[in-house]
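A structural walkthrough
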Amino acid sequence: QASNLSELYLTMGDLPQAIQHARQSVELADRSGDEVQQMGKRTTLADALHHGGRVSEAEALFREAEEMQKQDEPQYPLLYSLRGFQYCDLLLGQGKYKEVLDRASQTLEWSKALGLSLLTIALDHLSLGRAYLLQATQEGGAGYAQSAAHLDQAVAGLRQAGTQHHIPRGLLARAELHRLRRDFNRARRDLDEAMLIATRGGMRLHQADCHLESARLHLALGDKAKALQSFTTARAMIAEMGYHRRDPDLAALEQQLASTP
């Protein structure tokens with residue numbers, strides 16, 4: 001229950017409560033002696049810390065959890081399902097797209113072979129889509145097309161899974177892809193849907209991410225005034241929530257705005 005509360009507070013954008021309840025979940029799991037719970041609750045805490053901008057602490061916990069995973073299921077030595085997605089999310093934030101391509105390709109293969117949930121498979125596609133997109137921005141090549149294929153499968157899978165709080169993740173990633181390919185109408189459509197879902201559900205972290213992507217989209221369209229408006233809203237939300245994972249994004253956007261006539 002402490003872990004569930006942590007995930008709920010995280011989605012709502014209350015980072016202090018999310019971290020507090022995640023720490024409690026780890027303490028209780030350790031007291032229980034249940035090794036599966038001990039592993040899983042470390043990833044809950046790692047994810048909350050990651051969103052709070054405490055990346056080194058989060059990474060250490062993910063690695064610790066993965067060592068537990070290797071002991072529990074030696075035939076599946078990587079974190080997979082939601083836990084694997086969360087770790088890949090952190091790695092992508094560090095620019096480690098090659099590692100994510102290797103990890104998510106392997107876990108997707110396991111997910112299909114084991115007949116795991118629609119959500120698990122969709123999240124693997126989402127990790128791959130984001131990794132190929134990052135690769136394309138760094139190296140060029142066919143990454144955009146590969147990213148599009150995986151992100152389309154991710155969004156479709158998240159819809160089928162019915163997990164409303166995950167759907168904006170896929171839509172935001174695909175909106176970024178469309179923006180970078182200068183397909184602005186599709187970018188706006190995905191962004192608007194992500195914002196609608198996030199607003200209706202009180203998902204304030206996703207709302208902040210939507211405002212950030214809106215600022216980038218307006219800049220790409222040459223509308224600095226609207227970009228600045230979205231940036232200002234995002235900055236206020238991020239500061240209020242303690243969503244420090246996005247501090248580098250804010251700094252990069254602020255620099256772009258300053259250099260735009």
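Scroll up to find the structure this text is about.
Residues numbered from 1 in each chain as written. Predicted model: local features only at pLDDT ≥ 70, side-chain atom pairs only at ≥ 80, totals over all residues. Heavy atoms only, no water.

Observations concerning the side chain of histidine 51
As for its position among the elements, histidine 51 is in helix H3 (residues 35-51). Residue classification places histidine 51 among the buried positions, given a relative accessible area of 4%. Dropping the residues within four chain positions of it, histidine 51 is found in contact with Leu10, Leu15, Asp89, Leu205, Gly242, Tyr243, His244 and Arg245. (Helix = DSSP H or I, 4+ residues; strand = E, 2+ residues; numbered from the N terminus. Buried < 20%, exposed > 50% of the residue type's maximum accessible area, 1.4 Å probe, protein only. Contact = heavy atoms within 4.5 Å.)

Description of the environment of glutamate 35
For glutamate 35, the location among the structural elements is in helix H3. Residue classification places glutamate 35 among the exposed residues on the basis of a relative accessible area of 57%.

Regarding the environment of leucine 171
Relative to the elements of secondary structure, leucine 171 occurs in helix H9 (residues 167-180). The exposure class of leucine 171 is buried, given its relative accessible area of 0%. Sequence separation between leucine 171 and aspartate 192 is 21 residues; the distance between their C-alpha atoms is 9.1 Å. In contact with leucine 171, not counting residues within four places along its chain, are Val155, Arg159, Asp190, Glu193, Ala194 and Ile197.

Re the side chain of threonine 120
Mapped onto the secondary structure, threonine 120 falls in helix H7 (residues 118-139). Filtering out sequence-adjacent residues up to four positions away, threonine 120 remains in contact with Ser81 and Ser111.

A few points about the packing of H9 against helix H11 (residues 204-220)
The geometry of H9 relative to H11 is characterised by a closest axis approach of 11 Å and an angle of 10 degrees between their N-to-C directions. Taken together, the axes of H9 and H11 lie roughly parallel to each other. Only His206, Asp209, Cys210, Glu213, Arg216, Leu217 and Ala220 of H11 make contact with H9, whose side of the interface consists of Pro168, Arg169, Leu172, Ala175, Glu176 and Arg179. Among the residues forming the contact of H9 with H11, the class breakdown is six nonpolar, one polar and six charged. (Axes fitted to C-alpha atoms, helices over the stretch in contact; angles between N-to-C directions. Parallel < 35°, antiparallel > 145°, perpendicular 65-115°, else oblique. Nonpolar A, V, L, I, M, F, W, Y, C, P; charged D, E, K, R; others polar.)

Points about helix H13 (residues 247-259)
Residues separated by three or four positions in an α-helix point in the same direction, a consequence of the helix having 3.6 residues per turn. The terminal C-alpha atoms of H13, which comprises 13 residues, lie 19 Å apart, in line with the 18 Å expected from a rise of 1.5 Å per residue. Turning to H13, its buried residues are Leu250, Leu253 and Leu257. End-on, the buried residues of H13 take up no more than an arc of 70 degrees, which puts them together on one face. Structural note: H13 exposes Pro248, Gln255, Ala258 and Ser259 on the side pointing more than 90 degrees away from its buried face. Each element contacted by the buried residues of H13 is listed here: H11 and helix H12 (224-241). (Expected span 1.5 Å × (residues − 1). Arc of directions from axis to C-beta.)

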